[in-house]
Amino acid sequence: MAERKKRKAYSLKEKVEIIQALDEALNANARNAKTLISRRYDIPPNTLSTFLKDREKIFQKYEAQGFLGGCKRIRTTQFADVEEMLFRWFRQKMTQGIPISGPLLQQQANNLARAAGYSEEQFKCSNGWLSRFKARHNISFRNISGEEQAVREDDVNPWLEQGLPEVLMDYAPKDIYNADETGLFWRMLPDKTLAVRGEKCSGGKKSKERVTALVAANMDGSDKLPMYVIGKSQKPRCFKNIRSLPVTYQANRKAWMVSELFTQWVQRLDRRFKAEGRKVCLIVDNCTAHPRVPDLQSIKLVFLPPNTTSKLQPCDQGIIQNFKKFYRRRMLEKLLLTVNDAAGMVNVKEKITLLDAMYMLRAAWNEVKPETIEKCFQHAGFVVRMPSFF
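Residues numbered from 1 in each chain as written. Predicted model: local features only at pLDDT ≥ 70, side-chain atom pairs only at ≥ 80, totals over all residues. Heavy atoms only, no water.

K.L.:
Which parts of the structure should I look at to understand the sheet that holds strand E2 (residues 176-185)?
P.N.:
Two orientations exist for strands paired in a sheet by backbone hydrogen bonds: parallel and antiparallel. Strand order in the open sheet made by the six strands is E6-E5-E4-E2-E7-E8, with mixed pairing throughout. Of all strands in the sheet, those with a lone pairing partner are strand E6 (248-251) and strand E8 (299-303), marking the two edges. Taking the axes of each pair of neighbouring strands and ignoring which way they run, one obtains an average angle of 25° across the sheet. Two elements, E2 and strand E4 (residues 210-218), share nine bridges in a ladder whose sense is antiparallel. Counted as the bridge partner of Phe-185 is Arg-210 from E4. Running over the sheet, helix H12 (residues 354-367) touches E2, E4, strand E5 (228-231) and E6 and is turned about 20° from E4. (Pairing = 2+ DSSP bridges. Helix = DSSP H or I, 4+ residues; strand = E, 2+ residues; numbered from the N terminus. Axes fitted to C-alpha atoms, helices over the stretch in contact; angles between N-to-C directions. Contact = heavy atoms within 4.5 Å.)

Put into structure tokens, the structure is as follows:
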């Protein structure tokens, strides 16, 4: 019995190449052109006929994938109109240089579906639908274009074995706070985006406008202190006629935290806790911008050991990262709304002011969940252990 020939799957690129080769043979008036091409590409005549029958679909799909054609089957979807609109929107934003994430793509898919008349029961962009959409259109997560410092165990162990247990013994979780600063380029777009495989991925000039944001929260996540922001300008133009700001704001020439500003912030916080009748422990790293603050009545200032913040500082275990993620998402959403109302991407980031950034910073900080904060404290070793009686 003759061995059955194994069926071969052809990519879109291969199908296009075969069809174009046949066109060339026919234009050259070659005799038995179909037979000639079938033998050249080792393809059954009936398969070649199928390619010719689906010629229009093959070329449309090939062009939609950016002339890459890695897909081997022409898959269809129930909501083809939503998919077509979403991919067109995606390509438009890529052309404008706007980074697109998976959640943003899901949100836009749902928006387009509602606009097309589909209810939430009929269409909801699930993770599975999004994965299939990306596979059909050859989309992957790409770079557009915090390094953990080496920590010695000899520096970490004394704190974990003696310093931290003393803090946990003397204070309840709601009275243990950690504060840390982070630099934020408030107009800079993310450096990763979804993109079609094989295409060049580039963005515009990166913004260098920076502020320093100080975040602070307690161990159980029940109290996130108001955001404290340090910029370069004492009175930015966007503050004109603004009576109150969404965050506490100070300024200096380099937009850095300095000892004077830190002292003022701790003293204000001390007055607040004194008015509330509380005694709290505030844990910070021992950088030069964090001096010892005298005459505190409600706050005990505790400094982490040098060069250990990447392991021992709760804010560095994911709190700041989570906060920045929410900020970037909000900035992209605002940017997309601006682009939709404007002619293009040129200078559109300039329309986002420092005041806009402050509102987004406050909203992003509010989005950080207490459970996230609690887990980050635990990851830094802040775990209350019940005493053993045996």
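K.L.:
I would appreciate a short explanation of the nonpolar core in the present structure.
P.N.:
When a protein is soluble and globular, its nonpolar side chains tend to lie buried together. By size, the foremost hydrophobic cluster in this structure holds 48 residues, and its most contacted members are Trp-159, Ile-283, Tyr-327 and Phe-382. Put simply, the parts of the chain that give this core at least two residues each are helix H8 (153-170), E2, E4, E6, strand E7 (280-284), helix H11 (319-341), H12 and helix H13 (370-379). Per-element accounting of this core gives the leading share, eight residues, to H12. With sequence-adjacent residues up to four places away left out, Tyr-327 is seen in contact with Leu-184, Trp-186, Ala-357, Met-360, Leu-361 and Ala-364. In this structure, Leu-269, Val-280, Val-293 and Ile-299 belong to the second largest nonpolar core, which totals 22 residues. (Core = buried A, V, L, I, M, F, W, Y, C linked by side-chain atoms within 4.5 Å. Buried < 20%, exposed > 50% of the residue type's maximum accessible area, 1.4 Å probe, protein only.)

K.L.:
Could you clarify how one ought to interpret the confidence of the model for the protein in this entry?
P.N.:
Low-pLDDT portions of the prediction should not be read for the details of their coordinates. For the protein, the average pLDDT comes to 83, and 80% of its residues sit at 70 or higher. For the stretch residues 66-70, pLDDT sits under 50, and the model shows 15 contacts to residues farther than four places along the chain or on other chains. In this model residues 145-149 is a low-confidence stretch, pLDDT under 50, and it forms five contacts with partners more than four residues away in sequence or in other chains. (pLDDT = per-residue confidence, 0-100.)

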